[in-house]
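Chain by chain, the residues run as shown.
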Amino acid sequence: MPFNIPFLDLARYPEDLKNSLREKFSEMLNAGLFSGGKEVAVFEHKLSLYHESPFAVACANGTDALEIALRALRIGPGDEVIVPAISWVSTAEVVCLVGAKPIFIDVDQTGLIDTSKLDLVISARTKAIIPVHLYGQMVDMPRLMKYVSDKSIKVIEDAAQAFGCQLHGKMAGTWGDLGCLSFYPSKNLGALGEAGAIISQQAEYETEIRSLINHGQLLRDEHLTVGKNARIDTLQAGFLNVLFESFEAWQQKRKYLANIYWESLKDVAWLTLPPKAIDGSYNFHLYTIQTTFRNKLKDFLKNSGIQTVIHYPTPIPKMIPYNDGQTYPNAERICNEILSLPLNPWLTENEVLYICESIKKFNPNSYF
Ligand SMILES: *Cc1c(COP(=O)(O)O)cnc(C)c1O
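Residues numbered from 1 in each chain as written. Predicted model: local features only at pLDDT ≥ 70, side-chain atom pairs only at ≥ 80, totals over all residues. Heavy atoms only, no water.

Q: I tried to follow the pairing of strand β4 (residues 126-129) on my own but got confused; where do I start?
A: Along any regular strand the residues' side chains alternate between the sheet's two faces. Where strand β2 (residues 80-84) meets β4, three bridges bridge the pair, whose relative direction is parallel. For E80, the partnering residue across the bridge sits in β4 and is T126. With two bridges connecting them, β4 and strand β5 (residues 154-158) associate as parallel partners. Its bridge partner lying in β5, I129 is registered against V155. (Pairing = 2+ DSSP bridges. Helix = DSSP H or I, 4+ residues; strand = E, 2+ residues; numbered from the N terminus.)

Q: Even after reading the chapter, I still don't get the site of the ligand, so can you show me in this structure?
A: The environment of the ligand is made up of 15 residues, and the closest members are G62, T63, D158, S182 and K187. At 2.5 Å from an oxygen atom of the ligand is found a side-chain nitrogen or oxygen belonging to T63. In this structure, S182 approaches the ligand through a side-chain N or O atom, which is 2.7 Å from an oxygen atom. Summarising the interface, the protein chains cover 93% of the accessible area of the ligand, which totals 380 Å² for the free molecule. When residues of the shell around the ligand are traced back to their parent elements, those giving at least two are α3 (62-72) and α4 (90-97). Broken down by element, the shell around the ligand gets its largest block of residues, three residues, from α3. Within the shell around the ligand, the residues separate by chemical class into five nonpolar, eight polar and two charged. (Near = heavy atom within 4 Å. Polar contact = N/O pair within 3.5 Å; in protein donor to acceptor, adjacent residues only side chain to side chain. Areas by Shrake-Rupley, 256 points an atom, 1.4 Å probe, with all protein chains shown as cover. Nonpolar A, V, L, I, M, F, W, Y, C, P; charged D, E, K, R; others polar.)

Q: So what exactly am I meant to see when it comes to the sheet that holds β2 here?
A: Within a sheet, each strand pairs with its neighbour through backbone hydrogen bonds, oriented either parallel or antiparallel. On the basis of which strands lie adjacent, the open sheet formed by seven strands has the order β1-β9-β8-β5-β4-β2-β3 and mixed pairing. Of all strands in the sheet, those bounded by a partner on one side alone are β1 (55-59) and β3 (101-105). Strand-to-strand twist in this sheet, taken as the mean axis angle between neighbours without regard to direction, amounts to 25°. Strand contacts of α3: β1, β2, β5, β8 (178-182) and β9 (196-200), with the helix running at about 165° to β8, the strand carrying the most contacts. (Axes fitted to C-alpha atoms, helices over the stretch in contact; angles between N-to-C directions. Contact = heavy atoms within 4.5 Å.)

Q: Please explain the environment of K298 as it appears in this structure.
A: As for its position among the elements, K298 is in helix α10 (residues 294-303). Judged by its relative accessible area of 26%, K298 falls in the partly exposed class. The spacing of K298 and V309 is 11 residues in sequence and 8.3 Å in space, taken between C-alpha atoms. (Buried < 20%, exposed > 50% of the residue type's maximum accessible area, 1.4 Å probe, protein only.)

Q: Just checking my understanding: could you explain the packing of α3 against α4 for this structure?
A: Helix-helix packing is described using two parameters, namely the angle between the two axes and the distance between the axes. Orientation of α3 relative to α4, taken along the N-to-C sense of each, is 45°, at an axis distance of 9 Å. With respect to their mutual orientation, α3 and α4 come out oblique. Between α3 and α4 the crossing geometry is right-handed. Every residue of α4 that contacts α3 at T63, L66, E67 and L70 is listed here: S90, T91, E93, V94, V95 and L97. (Parallel < 35°, antiparallel > 145°, perpendicular 65-115°, else oblique. Left-handed = near helix turned anticlockwise from the far one by under 90°.)

Q: Which parts of the structure should I look at to understand the packing of aromatic side chains?
A: Each aromatic ring pair is summarised here by two numbers: the centre-to-centre distance and the angle between the ring planes. Considering all chains together, one arrives at 19 aromatic pairs under this definition. Judged by centre distance (5.3 Å) and plane angle (25°), the rings of Y50 and F163 are stacked. In this pair, Y50 sits in helix α2 (residues 38-51) while F163 sits in the loop between β5 and β6 (166-167), placing the two residues 113 residues apart along the sequence. Judged by centre distance (6.3 Å) and plane angle (85°), the ring pair of F244 and F247 falls under edge-to-face. Here the two residues F244 and F247 agree in accessibility, since each one is buried. (Phe/Tyr/Trp six-rings, centres within 6.5 Å; stacked < 30°, edge-to-face > 60°.)

Keep in mind these numbers describe shape, not what the thing actually does.
So this is what it looks like as structure tokens:
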């Protein structure tokens, strides 16, 4: 077997980057500051500059970012929140955590919330919609924002997979009322552990969000609301300040490798490739193909030394805690047909070419 290609191997960070991270760790160890402090302020400043947003609040992880966003918008018991049938489970989980009810909506053929079906799920209790920019593809935000413009429904963008994505030149996370980011290690900008952030174009949310992530206090020992401890780990903020420097170069590499996939696989009749962004500004988080021969292909690639992942095998409303007994035809089809191929800045061009060659060798009708 000529290759052994993991889906994502973060041990492949280049040595000079590893050294910069080691230096940052030494610096923080010497400074003796492990909660809050300069690294957190610097990271938040970088985030708000990058998104041209008046503020950014870094927090413990992307799931907390979503939960805090719901609480900042005062969403709770008796309220309904519309969530796409396919996402990482967090998107629906947080709605339950604040005591509200997730209302699922089917996705389109690419896995994104199907905005044409909103009328079917909206009710007098609908307080918010959480569009998910799945795989780093962006939801049609102009259409969604227009839809809610004459309704009192808030929009929380789940941009966990969409750091660095733009649509019409506007960043993911800056279209809705609040935007939630994740820096989980496998995301495009990943920490060396858990981290997340909340951004908004509306400055007035900052105080409430800062208070909610820190036990309902803005000043020490003055607890004005019930919050939680959802602060970012200072070490992670420090590492993210280092990693952020590489982000643009990583995006270029992802884009370059994704283009190899598109070029090499475009004539494979039994495959559906992911959509290309209209203006080329998606972040290539995952390269997710679709085929009715998914399980056979996954198996065949595994035997060729290539690891693939399914994002995700089950629609959320088909999972035990969220089961609502309804059918979601597109979500159910997609969950059976999707397969994410390796795509990250640490893959070589040769590895991607080998993956493409292997896929072309696969004969769906003769492989059992
Ligand atoms: C990763 C992810 C989250 C959660 O982020 P964590 O930092 O892992 O808590 C939420 N939504 C989506 C779509 C994600 O991919």
